[in-house]
Every structure is written in C-alpha cells, then in structure tokens.
Amino acid sequence: MSANVQTLLEALPYIREFHGSTVVIKYGGAAMRDEELREGFATDVVLLKYVGLNPVIVHGGGPDITRYMERLGMEVRFVEGVRVSDPETVEVAKMVLLGKVNSDIVSRLNRHGQPAVGLSGEDGTLFEVRPHPNADKVGFVGEVEHVDVDVLTHIAEDYIPVVASAGTDREGNSYNVNADAAAGKVAAALRAYKAIFLTDVPGWLADPDDPGSLVTRATVSEVATALGEVEGGMRPKLGACIEAIGGGVQSAHIIDGSKPHSLLLELFTDAGIGTMVTP
C-alpha cells in the first residue's frame, strides 16, 4: 500500500470523529511570518472546512505591530511580556491587525476556495474587555470579559471567521488584547471541540533550553500547578489552554507552526505533535 493511501486511511477515523465540530485556531509565530507557511496554513484551514469541520481563526500580529511602530518612530516597550499601549499604540495596532494581517489571512483563504470574513473583537461587540490588572503599568491592554458567540456562530455557518485580537470596554475604549488569551476565551465560549495554538517551539518544554523536554500530554491540574514557574510566551498559551478546557473544550493543543502542515499532522495522524492538554 502506498504511503499516500495509508495516510488517507489513517486520517479517515479522525475526519469522521471531528465532522461538524468547531476548532478554534490561534494563528501566529513563524506560521504567520514565512510566505510558504502562510500558504500552507491557508490550504490546511480550507481543507478542514471542506471535510466538515468549522474552523475559527484568532490571530495577533505582534512583530508586525512592532515593525510599524518603529517605522513611525514610536517607543516600543514591554512589561512582563505585555506591550505597553497608549491610545496611539492601540491605533497603530488596530491598523496593522485589521488593515494588513487580517485582510491577508482572509484573502488567502478566499483564494484557496473557502470564503472567509475578517472581524475584530469590536465588530458586533464580539469581545467585551476589561482593563488589564496591571493597567497602571501597561496602559490600554485589555482582557476579554465576554464573547458574543452569536456573532461567530452566525458567520461560521457559511464562512470561516478570522478574528483580530482587539476589543472595547463598555465605555467604548479600544484595547490591545493578547491573542492567546482571546483564543482561549473564544474556544470556551463556543464550547469548541478543540483549541489549537501555533507557536515557534515543539510545544510546552519542561526546560525551555532543552528541546528534548517536551511535555506531550498534561492535565489541566498539572498545567495549573506548573504555571507559576512558566515564563515568556508559553505562559499565556498554557493559561489559554486552562481557560478553554474549563469552558468545555475536549482538548487543547500547543504545536510548532514552523513545521509545514502541522495543523493537519496534529488533527489527522495517530502520532500527533506538540503538547495536548486535557481535563
């Protein structure tokens, strides 16, 4: 039997199991920066839609925001991994996220055969946010307090929703929102079957300096116990996994988006890749 046929047969039970299910995908990292990986991501998501899944994409765009801020001569500062954001920073972030990143993702999905709709957390009051606990230090950075799932479920019937991580509070003030945290909130609100977070490392490494220390499976309680010791960009991803599982998501996955077609490998092969978090 050819390897191609064997791969299809291996995928069949997963396609059957996931048919009709919602999968929330946090898109970022190398998969967003490399042209070949961007194209591969678009074809993977389109394939998911064609085989009967309902993908919902949530994305950030930190490196692009930084690049445009530097072009404009704006100061770029972070406090504990959070971008310090005054109103001008939020304005630039929204311009980059919606005018560049979001529109690029949508156009690629459209070009590969599935209509997509770009949104931000401000559209249809999709996200209602509250100020970050350290707002006195980081400024207009928000945390998602509520997700209006009616907006997403209505769009997802016929389109692939592509959500940029920005939102407003009840007074209409705009905020930057961490895309990992937003994806966790969206997955929980939708009670998605799976939440998948693309990153630039193999998954959650027990020792960040040792690629061989990959944690392939962990329960929510194990993640919660270890979270205080985790630093850098992995911390919000693990926190988002806890949020998603707490909302009824069956499993959350942190995978290496720098590998071509990592999304399909995680969903449709026996081995899978990365870290899987379960209840």
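In what follows, the structure referred to is the one given above.
Predicted model only: the values in this text are computed from it and were never measured.

> An account of the sheet that holds strand 1 (residues 22–27) is needed here, citing residue identities and associated values.
On the basis of which strands lie adjacent, the open sheet formed by eight strands has the order 5-8-2-1-11-13-14-12 and mixed pairing. Every other strand in the sheet has two partners, leaving strand 5 (116–120) and strand 12 (217–219) as the edge strands with one partner each. When strand polarity is set aside, the average angle formed by the axes of neighbouring strands in this sheet is 20°. As defined by bridge partners, strand 5 adjoins strand 8 (residues 160–164) across five bridges and the pair is classed as parallel. The residue of strand 8 that forms the bridge with glycine 118 is valine 162. Set on the sheet, helix 8 (residues 179–190) makes contact with strand 1, strand 2 (54–59) and strand 11 (194–199); between it and strand 1 the angle comes to about 175°. Contacts from helix 10 (residues 234–246) reach strand 1, strand 11, strand 13 (251–256) and strand 14 (275–278), with the element oriented near 155° to strand 13.

> Give me the pairing of strand 2: which residues, what numbers.
For strand 2, a buried count of five out of six residues is recorded, marking the element as mostly surrounded by other parts of the structure. As judged from the six bridges shared by strand 1 and strand 2, these two strands associate in the parallel manner. For threonine 22, the partnering residue across the bridge sits in strand 2 and is asparagine 54. As defined by bridge partners, strand 2 adjoins strand 8 across three bridges and the pair is classed as parallel. Within strand 8, the residue paired with valine 58 across the bridge is valine 163.

> Tell me about the packing of helix 4 (residues 62–71) against helix 5 (residues 87–111), and name the residues and values.
Taken N-terminus to C-terminus, the directions of helix 4 and helix 5 make an angle of 120°; their axes are 9 Å apart at the nearest point. The pairing of helix 4 with helix 5 is recorded here as oblique in orientation. The handedness of the crossing between helix 4 and helix 5 is right-handed. Facing Asp64, Ile65, Tyr68 and Met69 of helix 4, the residues of helix 5 in contact are Thr89, Val92, Ala93, Val96, Leu97, Lys100 and Val101. Split into classes, the residues belonging to the contact of helix 4 with helix 5 amount to eight nonpolar, one polar and two charged.

What counts and what doesn't
The numbering scheme is per chain: residues are counted from 1 as the chain's sequence reads. Note on the predicted model: pLDDT of at least 70 is required for a residue's local features to be given, and 80 or more for side-chain atom pairs to be given and counted; whole-chain, interface and lining totals, by contrast, use all residues. Hydrogens and waters are ignored; side-chain quantities use all the structure's heavy atoms. Pairing between strands is defined by DSSP: at least two bridges between them are needed. Secondary structure elements are taken from DSSP: a helix is a run of H or I of four residues or more, a strand is a run of E of two residues or more, and numbering for both begins at the N terminus. All axes here are fitted lines through C-alpha atoms, helices being fitted over the stretch that makes contact, and every angle between N-to-C directions spans 0 to 180 degrees. Whether two residues are in contact is decided by their heavy atoms: any pair within 4.5 Å suffices. Exposed residues in this analysis have more than 50% of their type's maximum accessible area, buried residues have under 20%, and partly exposed residues fall in between, with area computed by a 1.4 Å probe over protein chains only. Should an angle fall under 35 degrees it is called roughly parallel, over 145 degrees roughly antiparallel, and 65 to 115 degrees roughly perpendicular, with every other angle called oblique. Each crossing gets its handedness from the near helix: less than a right angle anticlockwise from the far helix is left-handed, clockwise is right-handed. Gly is put with the polar residues, along with every residue not named as nonpolar or charged; the nonpolar set is Ala, Val, Leu, Ile, Met, Phe, Trp, Tyr, Cys and Pro, and the charged set is Asp, Glu, Lys and Arg.

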